[in-house]
Amino acid sequence: MNCPICNSDQTRFVLKVKDHSVSGEFFDIFECSRCSLRFTENPPPDEKIGAYYQSEDYISHSNTKQGLVNSLYHMVRSRTLANKYHLLKTATGLTKGRHLDIGAGTGAFVQYMNEHGWNSDGIEPDNQARACALTYHGTKLLPAGSFESFSPESFDAITLWHVLEHVHDLYPYMHQIKKILKPGGVLFIAVPNYTSYDAVKYGAFWAAYDVPRHLYHFSPASMQWLLKSAGFHLKEMVPMWWDSFYVSLLSEKYRSGHASLFKGFVTGAISNLKATRDHEKCSSLIFVVEKGKV
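A brief report on the enclosed structure follows. Only a predicted model underlies this, so the values are computations on that prediction, with no experimental measurement involved.

A short note on the sheet that holds strand β5 (residues 119-123)
Move 1: Strand order in the open sheet formed by 6 strands is β5-β4-β6-β7-β10-β9, with mixed pairing between adjacent strands. For this open sheet the edge positions go to β5 and β9 (232-239), each flanked by a neighbour on one side alone. Between one strand axis and the next, the sheet turns by 20 degrees as a mean value, whatever way the strands run.
Move 2: With 6 bridges connecting them, strand β6 (residues 155-161) and strand β7 (residues 181-192) associate as parallel partners. In the sheet register, Leu-160 faces β7, and the bridge partner there is Ile-189.
Move 3: Against the sheet, helix α3 (residues 108-115) engages β4 (98-102), β5 and β6, with an angle of about 170 degrees to β5.

Some thoughts on the pairing of β4
Move 1: In terms of residue burial, β4 counts as a mostly covered element, since 4 of its 5 residues are buried.
Move 2: As paired elements, β4 and β5 share 5 bridges and run parallel to each other. Within the sheet, the bridge partner assigned to Leu-100 lies in β5 and is Asp-121.
Move 3: Bridge count between β4 and β6: 3 bridges; the pairing is parallel.

Regarding the layout of surface pockets
Move 1: In this structure, the second largest pocket encloses a volume near 160 Å³.
Move 2: As for the second largest pocket, its lining consists of Met-1, Pro-4, Phe-39, Thr-40, Pro-43, His-168, Asp-169, Leu-170, Tyr-171, Leu-215 and Tyr-216.
Move 3: Listed by contribution, the elements that provide at least two residues to the lining of the second largest pocket are β3 (38-40) and α5 (170-180).
Move 4: Counted by class, the lining of the second largest pocket contains 8 nonpolar, 2 polar and 1 charged residues.

Things to note about the pattern of salt bridges
A side chain of one charge can pair with a side chain of the opposite charge when the charged atoms of the two come close.
Move 1: Counting across every chain of the model gives 7 salt bridges.
Move 2: Notably, a salt bridge pairs Asp-121 with Arg-98, separated by 3.5 Å at the nearest N-O pair. With Asp-121 in strand β5 and Arg-98 in strand β4, this residue pair connects regions lying 23 residues apart in the sequence.
Move 3: Within the structure, one salt-bridge network assembled from shared partners comprises Asp-19, Asp-210 and Arg-213.

Remarks on the side chain of Thr-40
Move 1: Residue placement: Thr-40 occurs in strand β3.
Move 2: Contacts of Thr-40, omitting those with residues within four sequence positions, involve Phe-27, Asp-28, Ile-29, Val-211, His-214, Leu-215 and His-217.

Focus on unusual backbone geometry
Move 1: The omega angle of the peptide bond from Val-211 to Pro-212 is -5 degrees, so this bond is cis rather than trans.
Move 2: With respect to the secondary-structure elements, Pro-212 resides in the loop between α6 (197-202) and β8 (216-217).
Move 3: Positive phi outside glycine occurs at His-162, with the angle close to 55 degrees.
Move 4: With respect to the helices, strands and loops of the structure, His-162 is situated in the loop between β6 and α5.
Move 5: Of the residues examined, His-162 reaches a relative accessible area of 25% and is grouped as partly exposed.
Move 6: The phi dihedral of Asp-210 is positive, around 40 degrees, even though this residue is not glycine.

Some points on a nonpolar patch on the surface
Move 1: On the surface, a cluster of nonpolar side chains totalling about 400 Å² of accessible area is made up of Phe-262, Phe-265, Val-266 and Ile-270.
Move 2: Along the chain, Phe-262 turns up in helix α9 (residues 261-277).
Move 3: By relative accessible area, Phe-262 is classed as exposed at 66%.

Topic: empty space enclosed by the protein
Move 1: By the definition in use, this model includes 2 cavities of 30 Å³ or more.
Move 2: Roughly 60 Å³ of volume is contained in the largest cavity.
Move 3: Contributing to the lining of the largest cavity are 13 residues, with Lys-18, His-20, Ala-207, Asp-210 and Tyr-254 lying nearest its centre.
Move 4: Taken together, the residues that form the lining of the largest cavity break down as 7 nonpolar, 2 polar and 4 charged.
Move 5: In terms of lining, the second largest cavity is formed by Glu-165, Val-191, Pro-192, Ala-208, His-214, Tyr-216, His-217 and Phe-218.
Move 6: Sorting the residues of the lining of the second largest cavity by element identifies β7 and β8 as the ones contributing at least two each.

Quick notes on the rules
- Residues numbered from 1 in each chain as written.
- Predicted model: local features only at pLDDT ≥ 70, side-chain atom pairs only at ≥ 80, totals over all residues.
- Heavy atoms only, no water.
- Pairing = 2+ DSSP bridges.
- Helix = DSSP H or I, 4+ residues; strand = E, 2+ residues; numbered from the N terminus.
- Axes fitted to C-alpha atoms, helices over the stretch in contact; angles between N-to-C directions.
- Contact = heavy atoms within 4.5 Å.
- Buried < 20%, exposed > 50% of the residue type's maximum accessible area, 1.4 Å probe, protein only.
- 1 Å grid on protein atoms, 1.4 Å probe; cavity = no way out; pocket = protein on both sides within 12 Å on 5 of 7 lines; lining within 4 Å.
- Points joined across faces, edges and corners; volume = space filled by probe spheres on them.
- Nonpolar A, V, L, I, M, F, W, Y, C, P; charged D, E, K, R; others polar.
- Salt bridge = Lys/Arg side-chain N within 4 Å of Asp/Glu carboxyl O.
- Patch = residues over 30% accessible without salt bridge, like charges linked within 9 Å, V, L, I, M, F, W, Y side chains within 5 Å.
- Areas by Shrake-Rupley, 256 points an atom, 1.4 Å probe, with all protein chains shown as cover.

Structure (structure tokens):
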């Protein structure tokens, strides 16, 4: 199978990973020797993958607080929402404007942006998640089909928080984003980083592989290849320090059968410590980008 980013045929098998969330099935992960992208081989097609999101434990869609890991997620969410807002405000230089959150989940960030003076819309393909957005946040999110209906140059900022790894058609998706982003607008893409310490330590048990929902597993190098090929310019990479703890706790649960708060915290802390010397090794990264000059 050729690489989805650089089209190289120099790809090799690296890991067999279990779907711990829904099906219990195993999927093969391949790596491209040219751009370093890892990708899930033969994932379910777009019209069938919805079944793999149907779990009460899938926090992005259900807003569940059940279990230690999900409870901790909710404890730090208010901090992460504020951090994302301040990053967006700083990178755009705007205190208000038009914003689109793609893959908005249960709508928490859309609500936060609207409460802070922005005109924010959210797209979420999952019916259950959109229903939760109305119930928990009073926010009406748009279905996936709305993505193609926006006028060119509509948004000052577009965010994809752990979304791009779920998108089947990468380049058409990136081109549509470029089309609806205003001149001078900024795109924010957050993805897990398989070159991080926690990813290397947990191997096939690393929770952020999340097969088959995650179709791609990015390194900083492969993301930069994609951005350049799609006509975007990278402004900066921003670490997501909390993600290492969340992912490590979940990885411990997958590896041992239960979530060890102590072991997960220690691994997350070590991962972050190593990443302070090299931000490109953080468990998750936000790529802050703008349209490339023609």
